[in-house]
Amino acid sequence: MKKIIAFTAAVLTTAALFAQTLRVGATPEPHADLLNLIKDDLKADGIDLKVIEFTDYVTPNEAVESGEIDANYFQHIPYLESFNDERGYHLVNAGGIHVEPFALYSKKIKSIKNLKKKARIAIPNDPTNEGRALLLLAEAGLITLKADAGITATVQDIVSNPLKLKFSEIEAASLPRVLADVDAAVINGNYAIPAGLSAKKDGLFVEGSSSPYVNIVAVKAGNENKAEIKALVKALQSEKVKKYIEEKYPNGEVVVVF
(Lines give C-alpha, C1' and ligand atoms only; values in the text may rest on other atoms or scores of the structure.)
Protein backbone atom coordinates (compact mmCIF):
# COMPACT_ATOMS: atom_id res chain seq x y z
CA MET A 1 0.00 0.00 0.00
CA LYS A 2 2.85 2.41 0.88
CA LYS A 3 4.43 1.74 -2.52
CA ILE A 4 1.14 2.54 -4.30
CA ILE A 5 0.76 5.80 -2.35
CA ALA A 6 4.36 6.75 -3.06
CA PHE A 7 3.92 5.97 -6.78
CA THR A 8 0.72 8.04 -6.96
CA ALA A 9 2.40 10.97 -5.22
CA ALA A 10 5.33 10.75 -7.63
CA VAL A 11 2.98 10.80 -10.64
CA LEU A 12 1.11 13.83 -9.28
CA THR A 13 4.38 15.62 -8.57
CA THR A 14 5.61 14.92 -12.10
CA ALA A 15 2.31 16.16 -13.58
CA ALA A 16 2.60 19.36 -11.55
CA LEU A 17 6.12 19.90 -12.84
CA PHE A 18 4.96 19.61 -16.44
CA ALA A 19 1.68 21.54 -16.02
CA GLN A 20 1.17 24.13 -18.73
CA THR A 21 0.84 27.69 -17.53
CA LEU A 22 -2.11 29.64 -18.95
CA ARG A 23 -2.03 33.39 -18.29
CA VAL A 24 -5.44 35.05 -18.45
CA GLY A 25 -6.15 38.72 -17.83
CA ALA A 26 -9.43 39.86 -16.29
CA THR A 27 -11.16 42.71 -14.52
CA PRO A 28 -11.85 41.84 -10.87
CA GLU A 29 -15.57 41.04 -10.60
CA PRO A 30 -17.08 38.85 -11.84
CA HIS A 31 -14.40 37.84 -14.34
CA ALA A 32 -11.41 37.20 -12.07
CA ASP A 33 -13.68 35.57 -9.48
CA LEU A 34 -14.98 33.09 -12.05
CA LEU A 35 -11.48 32.32 -13.29
CA ASN A 36 -10.26 31.63 -9.75
CA LEU A 37 -13.28 29.37 -9.27
CA ILE A 38 -12.11 27.02 -12.04
CA LYS A 39 -8.41 26.89 -11.21
CA ASP A 40 -8.61 23.41 -9.68
CA ASP A 41 -10.67 22.11 -12.61
CA LEU A 42 -8.00 23.20 -15.05
CA LYS A 43 -5.24 21.87 -12.82
CA ALA A 44 -6.80 18.43 -13.22
CA ASP A 45 -6.27 18.87 -16.98
CA GLY A 46 -2.63 19.76 -16.46
CA ILE A 47 -3.16 23.50 -16.80
CA ASP A 48 -1.82 25.97 -14.24
CA LEU A 49 -4.13 28.97 -14.54
CA LYS A 50 -2.58 32.31 -13.64
CA VAL A 51 -5.11 35.13 -13.28
CA ILE A 52 -3.77 38.64 -13.90
CA GLU A 53 -6.12 41.41 -12.80
CA PHE A 54 -6.52 44.65 -14.75
CA THR A 55 -8.59 47.69 -13.86
CA ASP A 56 -8.95 49.15 -17.34
CA TYR A 57 -10.20 48.02 -20.75
CA VAL A 58 -7.10 48.74 -22.83
CA THR A 59 -4.12 47.05 -21.19
CA PRO A 60 -5.53 43.49 -21.21
CA ASN A 61 -6.03 43.64 -24.99
CA GLU A 62 -2.55 45.03 -25.51
CA ALA A 63 -1.18 42.18 -23.40
CA VAL A 64 -2.94 39.51 -25.48
CA GLU A 65 -1.87 41.07 -28.78
CA SER A 66 1.77 41.25 -27.64
CA GLY A 67 1.74 37.71 -26.26
CA GLU A 68 2.37 38.84 -22.69
CA ILE A 69 -0.73 36.88 -21.67
CA ASP A 70 -2.59 34.07 -23.45
CA ALA A 71 -6.17 35.30 -23.18
CA ASN A 72 -8.39 37.78 -21.46
CA TYR A 73 -11.91 37.74 -20.08
CA PHE A 74 -13.55 41.11 -19.53
CA GLN A 75 -15.03 42.43 -22.77
CA HIS A 76 -18.00 42.01 -25.08
CA ILE A 77 -17.85 41.37 -28.81
CA PRO A 78 -18.65 44.92 -30.03
CA TYR A 79 -15.80 46.28 -27.90
CA LEU A 80 -13.37 43.68 -29.25
CA GLU A 81 -14.36 44.44 -32.85
CA SER A 82 -14.02 48.17 -32.28
CA PHE A 83 -10.61 47.69 -30.65
CA ASN A 84 -9.40 45.58 -33.58
CA ASP A 85 -10.55 48.22 -36.06
CA GLU A 86 -8.97 51.07 -34.12
CA ARG A 87 -5.63 49.42 -33.33
CA GLY A 88 -5.23 46.95 -36.20
CA TYR A 89 -5.20 44.12 -33.65
CA HIS A 90 -6.03 40.48 -34.27
CA LEU A 91 -8.19 39.46 -31.31
CA VAL A 92 -10.95 36.87 -31.70
CA ASN A 93 -13.78 35.43 -29.64
CA ALA A 94 -12.95 32.01 -28.19
CA GLY A 95 -16.29 31.59 -26.38
CA GLY A 96 -19.16 33.53 -24.81
CA ILE A 97 -19.79 33.23 -21.07
CA HIS A 98 -22.19 35.82 -19.66
CA VAL A 99 -23.95 39.17 -19.97
CA GLU A 100 -23.80 41.97 -17.41
CA PRO A 101 -26.85 44.18 -17.99
CA PHE A 102 -26.03 47.87 -18.40
CA ALA A 103 -28.05 50.20 -16.19
CA LEU A 104 -28.63 53.86 -15.38
CA TYR A 105 -27.93 54.56 -11.70
CA SER A 106 -28.36 57.57 -9.43
CA LYS A 107 -27.76 58.54 -5.82
CA LYS A 108 -29.98 61.61 -6.14
CA ILE A 109 -33.24 60.33 -7.61
CA LYS A 110 -35.31 57.17 -7.26
CA SER A 111 -37.05 57.21 -10.63
CA ILE A 112 -36.11 58.16 -14.15
CA LYS A 113 -39.21 60.35 -14.13
CA ASN A 114 -37.51 62.58 -11.56
CA LEU A 115 -34.68 63.63 -13.88
CA LYS A 116 -34.74 67.40 -14.17
CA LYS A 117 -33.87 69.62 -17.10
CA LYS A 118 -30.14 70.01 -17.71
CA ALA A 119 -29.38 67.05 -15.44
CA ARG A 120 -25.81 65.79 -15.82
CA ILE A 121 -25.42 62.18 -16.97
CA ALA A 122 -22.05 60.40 -16.86
CA ILE A 123 -21.40 57.80 -19.57
CA PRO A 124 -18.37 55.63 -20.51
CA ASN A 125 -15.89 57.32 -22.82
CA ASP A 126 -14.74 54.28 -24.81
CA PRO A 127 -16.43 54.01 -28.23
CA THR A 128 -18.64 50.93 -27.95
CA ASN A 129 -19.66 51.43 -24.34
CA GLU A 130 -20.50 55.08 -25.00
CA GLY A 131 -22.70 53.93 -27.85
CA ARG A 132 -24.23 51.26 -25.66
CA ALA A 133 -24.99 53.85 -22.97
CA LEU A 134 -26.61 56.23 -25.45
CA LEU A 135 -28.71 53.41 -26.91
CA LEU A 136 -29.88 52.62 -23.37
CA LEU A 137 -30.87 56.25 -22.80
CA ALA A 138 -32.65 56.27 -26.15
CA GLU A 139 -34.52 53.10 -25.20
CA ALA A 140 -35.53 54.85 -21.98
CA GLY A 141 -37.01 57.68 -24.04
CA LEU A 142 -34.62 60.34 -22.75
CA ILE A 143 -32.96 61.06 -26.09
CA THR A 144 -33.32 60.22 -29.78
CA LEU A 145 -30.35 59.20 -31.91
CA LYS A 146 -29.75 59.36 -35.64
CA ALA A 147 -31.29 56.33 -37.33
CA ASP A 148 -27.90 54.98 -38.40
CA ALA A 149 -26.03 55.74 -35.15
CA GLY A 150 -25.82 52.12 -33.94
CA ILE A 151 -23.41 50.79 -31.33
CA THR A 152 -20.76 53.39 -32.10
CA ALA A 153 -23.08 56.32 -31.37
CA THR A 154 -21.62 59.43 -29.76
CA VAL A 155 -23.23 62.48 -28.22
CA GLN A 156 -22.93 64.13 -31.64
CA ASP A 157 -25.51 61.61 -32.90
CA ILE A 158 -28.21 62.89 -30.54
CA VAL A 159 -30.98 64.54 -32.57
CA SER A 160 -33.49 65.10 -29.78
CA ASN A 161 -32.81 65.85 -26.13
CA PRO A 162 -36.04 67.21 -24.57
CA LEU A 163 -34.55 67.60 -21.07
CA LYS A 164 -31.39 69.20 -22.46
CA LEU A 165 -29.36 66.62 -20.54
CA LYS A 166 -25.64 67.33 -20.14
CA PHE A 167 -23.24 64.45 -20.76
CA SER A 168 -19.88 63.79 -19.10
CA GLU A 169 -17.78 61.21 -20.94
CA ILE A 170 -15.69 59.43 -18.28
CA GLU A 171 -13.39 56.41 -18.18
CA ALA A 172 -15.61 53.43 -17.37
CA ALA A 173 -13.77 52.35 -14.21
CA SER A 174 -14.27 55.80 -12.68
CA LEU A 175 -18.05 55.94 -13.15
CA PRO A 176 -18.99 54.51 -9.71
CA ARG A 177 -16.70 57.05 -8.04
CA VAL A 178 -18.34 60.01 -9.76
CA LEU A 179 -21.91 58.80 -9.28
CA ALA A 180 -22.47 61.07 -6.28
CA ASP A 181 -21.25 64.08 -8.25
CA VAL A 182 -23.65 63.74 -11.17
CA ASP A 183 -27.40 63.30 -11.43
CA ALA A 184 -27.10 59.82 -12.93
CA ALA A 185 -24.58 57.54 -14.62
CA VAL A 186 -24.70 54.62 -17.01
CA ILE A 187 -22.33 52.05 -15.52
CA ASN A 188 -20.88 48.79 -16.84
CA GLY A 189 -21.81 45.75 -14.79
CA ASN A 190 -18.26 44.74 -13.93
CA TYR A 191 -17.72 48.14 -12.30
CA ALA A 192 -21.21 48.47 -10.83
CA ILE A 193 -21.05 45.15 -8.98
CA PRO A 194 -17.89 45.88 -6.88
CA ALA A 195 -19.43 49.24 -6.03
CA GLY A 196 -22.40 47.45 -4.47
CA LEU A 197 -24.83 48.38 -7.24
CA SER A 198 -27.44 45.91 -8.46
CA ALA A 199 -29.00 46.53 -11.86
CA LYS A 200 -32.28 44.95 -10.77
CA LYS A 201 -32.53 46.70 -7.39
CA ASP A 202 -30.76 50.01 -8.01
CA GLY A 203 -31.06 50.61 -11.75
CA LEU A 204 -33.37 53.43 -12.87
CA PHE A 205 -33.44 51.79 -16.29
CA VAL A 206 -31.89 48.44 -17.21
CA GLU A 207 -30.79 46.95 -20.51
CA GLY A 208 -33.09 44.25 -21.87
CA SER A 209 -32.29 40.53 -21.70
CA SER A 210 -31.75 40.39 -25.48
CA SER A 211 -28.48 42.32 -25.13
CA PRO A 212 -25.86 41.45 -27.80
CA TYR A 213 -23.06 42.41 -25.40
CA VAL A 214 -21.94 38.93 -24.37
CA ASN A 215 -18.73 38.85 -22.31
CA ILE A 216 -16.21 36.56 -23.97
CA VAL A 217 -12.84 34.89 -23.66
CA ALA A 218 -10.61 36.70 -26.15
CA VAL A 219 -7.37 35.40 -27.68
CA LYS A 220 -5.08 36.35 -30.52
CA ALA A 221 -6.25 34.95 -33.86
CA GLY A 222 -4.87 31.46 -34.42
CA ASN A 223 -4.93 30.53 -30.73
CA GLU A 224 -8.67 29.94 -30.36
CA ASN A 225 -8.39 26.23 -31.16
CA LYS A 226 -5.51 25.48 -28.80
CA ALA A 227 -6.35 22.72 -26.33
CA GLU A 228 -5.71 24.86 -23.26
CA ILE A 229 -8.00 27.64 -24.56
CA LYS A 230 -10.76 25.18 -25.32
CA ALA A 231 -10.33 23.72 -21.81
CA LEU A 232 -10.60 27.23 -20.33
CA VAL A 233 -13.82 27.99 -22.19
CA LYS A 234 -15.27 24.58 -21.31
CA ALA A 235 -14.54 25.14 -17.62
CA LEU A 236 -16.15 28.61 -17.72
CA GLN A 237 -19.20 27.20 -19.51
CA SER A 238 -19.73 24.55 -16.83
CA GLU A 239 -22.64 23.84 -14.49
CA LYS A 240 -20.31 24.74 -11.62
CA VAL A 241 -19.91 28.29 -12.94
CA LYS A 242 -23.60 28.56 -13.82
CA LYS A 243 -24.64 27.56 -10.30
CA TYR A 244 -22.11 29.96 -8.75
CA ILE A 245 -23.43 32.87 -10.81
CA GLU A 246 -27.06 32.06 -10.03
CA GLU A 247 -26.32 31.89 -6.31
CA LYS A 248 -24.03 34.94 -6.08
CA TYR A 249 -26.08 37.17 -8.39
CA PRO A 250 -29.72 36.27 -7.71
CA ASN A 251 -30.86 39.71 -8.85
CA GLY A 252 -29.62 39.23 -12.39
CA GLU A 253 -26.45 41.35 -12.22
CA VAL A 254 -24.72 38.57 -14.17
CA VAL A 255 -26.59 36.25 -16.55
CA VAL A 256 -25.04 33.17 -18.20
CA VAL A 257 -25.49 32.68 -21.95
CA PHE A 258 -24.57 29.01 -22.23
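Not measured: the values here are computed from a predicted model. (Residues numbered from 1 in each chain as written. Predicted model: local features only at pLDDT ≥ 70, side-chain atom pairs only at ≥ 80, totals over all residues. Heavy atoms only, no water.)

### Comments concerning the overall build of the protein
This is how it is decided: Think of it this way: any DSSP run of H or I at least four residues long counts as a helix, any run of E at least two long counts as a strand, and we number them from the N terminus. Burial here depends on accessible area, computed with a 1.4 Å probe over protein chains only, as a share of the maximum for the residue type. Under 20% is buried, over 50% is exposed, and the range in between is partly exposed. Whether two residues are in contact is decided by their heavy atoms: any pair within 4.5 Å suffices. In this tally Asp and Glu are treated as negative and Lys and Arg as positive; neither His nor the chain ends contributes. Think of each charge as sitting on NZ of Lys, CZ of Arg, CG of Asp or CD of Glu.
Helices and strands together make up the secondary structure of the protein, namely 11 helices and 13 strands. Across its three principal directions, the C-alpha atoms of the protein cover 80 × 40 × 30 Å. By the burial criterion, 48% of the 258 residues in the protein qualify as buried. Long-range contacts, defined here as pairs at least 24 residues apart, represent 75% of the contacts in the protein between residues at least 6 apart. The distance from the centre of the 30 positive side-chain charges to the centre of the 33 negative ones in the protein is 6 Å.

### Regarding helix α10 (residues 227-236)
The element α10 is largely enclosed, with a buried count of 7 among its 10 residues. Residues of α10 that are buried: E228, I229, A231, L232, V233, A235 and L236.

### Focus: the layout of surface pockets
Filter applied, for reference: For cavity detection a 1 Å grid was placed over the protein atoms alone, and a set of points counts as a cavity when a 1.4 Å probe fits there but cannot get out; an open set counts as a pocket when protein lies on both sides within 12 Å along at least five of seven lines, with lining residues being those that have an atom within 4 Å of a point. Grid points are joined across faces, edges and corners, and a volume is the space filled by probe spheres set on the points. Under this grouping Gly is polar, as are all residues other than the nonpolar Ala, Val, Leu, Ile, Met, Phe, Trp, Tyr, Cys and Pro and the charged Asp, Glu, Lys and Arg.
Considering only enclosed or pocket space, the largest pocket measures out at about 190 Å³ in volume. Top element by residues in the lining of the largest pocket is helix α5 (residues 77-87). It accounts for 5 residues. Classifying every residue of the lining of the largest pocket gives 6 nonpolar, 2 polar and 5 charged.

### A word on the nonpolar core
Applied cut-off: What we call a nonpolar core is a set of buried Ala, Val, Leu, Ile, Met, Phe, Trp, Tyr and Cys residues that are connected through their side-chain atoms within 4.5 Å.
Ranked by size, the top nonpolar core spans 28 residues in total, and within it L35, I38, L42, V217, L232 and L236 carry the most contacts. Non-local contacts of L236, meaning those with residues more than four positions away in its chain, are made with L34, L35, I38, Y73, I97, V217, V241 and F258. Core analysis: the second largest hydrophobic core is formed by 24 residues, F102, L104, I121 and I158 among them.

### What to know about the confidence of the model for the protein
Note the following rule: Every residue gets a pLDDT, meaning the predictor's confidence in that residue, from 0 to 100.
The predicted model of the protein has a mean per-residue pLDDT of 91, with 92% of residues at 70 or higher. Residue range residues 2-16 is modelled with pLDDT below 50. Its contacts to residues more than four positions away, or to other chains, number 0 contacts.

### Some words on the pattern of salt bridges
Here is the rule: Counted as salt bridges are all cases of a side-chain nitrogen of Lys or Arg within 4 Å of a carboxyl oxygen of Asp or Glu.
As enumerated under the stated definition, the model contains 9 salt bridges in all. For D33, the salt bridge is made with K248, and the minimal N-O distance between the two is 3.2 Å. In this pair, D33 is assigned in helix α2 (residues 28-37) and K248 in helix α11 (residues 239-248), connecting sequence segments 215 residues apart. Among the residues examined, D33 registers a relative accessible area of 26% and is labelled partly exposed. A salt bridge links E62 to R87; the shortest N-O distance between them is 3.1 Å. Taken together, the residues span a long stretch of sequence, with E62 in helix α4 (residues 59-66) and R87 in helix α5 at a distance of 25 residues. The exposure class of E62 is partly exposed, given its relative accessible area of 31%. Members of the salt-bridge network, linked through shared partners, are E29, D33 and K248.

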